[in-house]
Amino acid sequence: MILNRITFHAKFGKAAQVVEMLKQSSPPSAGAPGRMRVLTDRTGRFDTVVLEIEAKFSVPDEATFRRLLETTALAGLDLGEASVEELSDRYLDTAGRAIQNWGYACRLRRKGDGYVATLKGLGRAAGSVHRRIEHEVDLSKPVYPRDWPPSAARDLALRLCGSEPLVVLFEIDQTRHDRALIDGSRAVATLSLDRVRVC
């Protein structure tokens, strides 16, 4: 369940300042806007920094999964209609696990006709709730980090793994059912129900 996911479009070269701000601040409230601009102007290139707060649970059986798809309310909040998306993810690292050793995971996600490369900070967890900072960059095709567009994600990837090639650790295909949790007239979180297949 995504409790909060805020995308910050930082002016190119300012992503580190956004990360420091997020590390020092308290988590945004559940009613915070889903997208906001910080340290930006209206022209030029932008880095994408994501703060994600997520509660992870395992669904014990198919009957429970179906009930969650069909129920109209959860934890006192209304549930919106489900949208369905097919996702294909590859998790990458060097042979020596350089990215993981520095506290990150690298995911390449196919999205529509393109790809999104994400460096996910392993972050911290309190019970089932995880809070982490992510760097993202859009790609037209799968390429090594040195060939990613100029971005904070590219700079970080090169610091973590240098010129070492990346290998596929595992692949995941998933069918995701997203439902908004609604408090009155506003969406305050997203319930994501995933059917996951490890390739």
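Residues take numbers from 1 onward in each chain, read along the sequence in its written order. Restriction of local features to residues with pLDDT of at least 70 applies here, the model being predicted, together with a cutoff of 80 or more for giving and counting side-chain atom pairs; totals for whole chains, interfaces and linings are based on all residues. Computation of side-chain values: all heavy atoms of the structure, hydrogens and water removed.

### Digging into helix α2 (residues 62-70)
The cut-offs for exposure are 20% and 50% of the maximum accessible area for each residue type, with area from a 1.4 Å probe on protein chains only; residues under the lower value are buried, those over the upper are exposed, and the others partly exposed. Labels follow the DSSP assignment, with helices taken as runs of H or I lasting at least four residues and strands as runs of E lasting at least two, numbered in each case from the N terminus. Restricting attention to buried positions, one finds in α2 the residues T64, F65, L68 and L69. Buried residues along α2 cover an arc of 140 degrees about the axis, so they all sit on one side. In α2, those exposed residues whose orientation departs by more than 90 degrees from the buried face are R67 and E70. Residues of α2 that are buried sit in contact with β4 (73-74), β11 (167-183) and β12 (186-198). The opening residue of α2 is D61, an N-cap whose side-chain oxygen sits 3.3 Å from the backbone nitrogen of A63. Taking the helix axis as origin, the arc is that swept by the directions to the C-beta atoms. Note on definitions: a residue-residue contact is assigned when non-hydrogen atoms from the two residues lie within 4.5 Å. Polar contact is the term for a pair of N or O atoms within 3.5 Å; when the atoms are in protein, one must be able to donate a hydrogen and the other to accept it, and sequence-neighboring residues count only if both atoms are side-chain atoms.

### Concerning the packing of aromatic side chains
When two rings of Phe, Tyr or Trp (its six-membered ring) have centres within 6.5 Å they constitute a pair, described as stacked for plane angles under 30 degrees, edge-to-face for angles over 60, and tilted for the intermediate range. Tallied over the entire structure, the rule returns 1 aromatic pair. Ring centres of Y91 and F170 lie 5.0 Å apart, and the angle between their planes is 20 degrees; on these two criteria the pair is classed as stacked. Here Y91, found in strand β6 (residues 83-93), pairs with F170, found in strand β11; they are 79 residues apart in sequence, far enough to count as distant.

### Some points on the pattern of salt bridges
Any Lys or Arg side-chain nitrogen located within 4 Å of an Asp or Glu carboxyl oxygen qualifies as a salt bridge. Applying the stated criterion across every chain, the model contains 9 salt bridges. Taking the shortest distance from any N to any O, the salt bridge between R109 and D89 comes out at 2.7 Å. Here R109, found in strand β7 (residues 104-111), pairs with D89, found in strand β6; they are 20 residues apart in sequence, far enough to count as distant. In this structure, R109 and D89 share a single accessibility class: buried. A salt bridge links E134 to R132; the shortest N-O distance between them is 3.0 Å. R132 carries the same exposure label as E134, and that label is buried.

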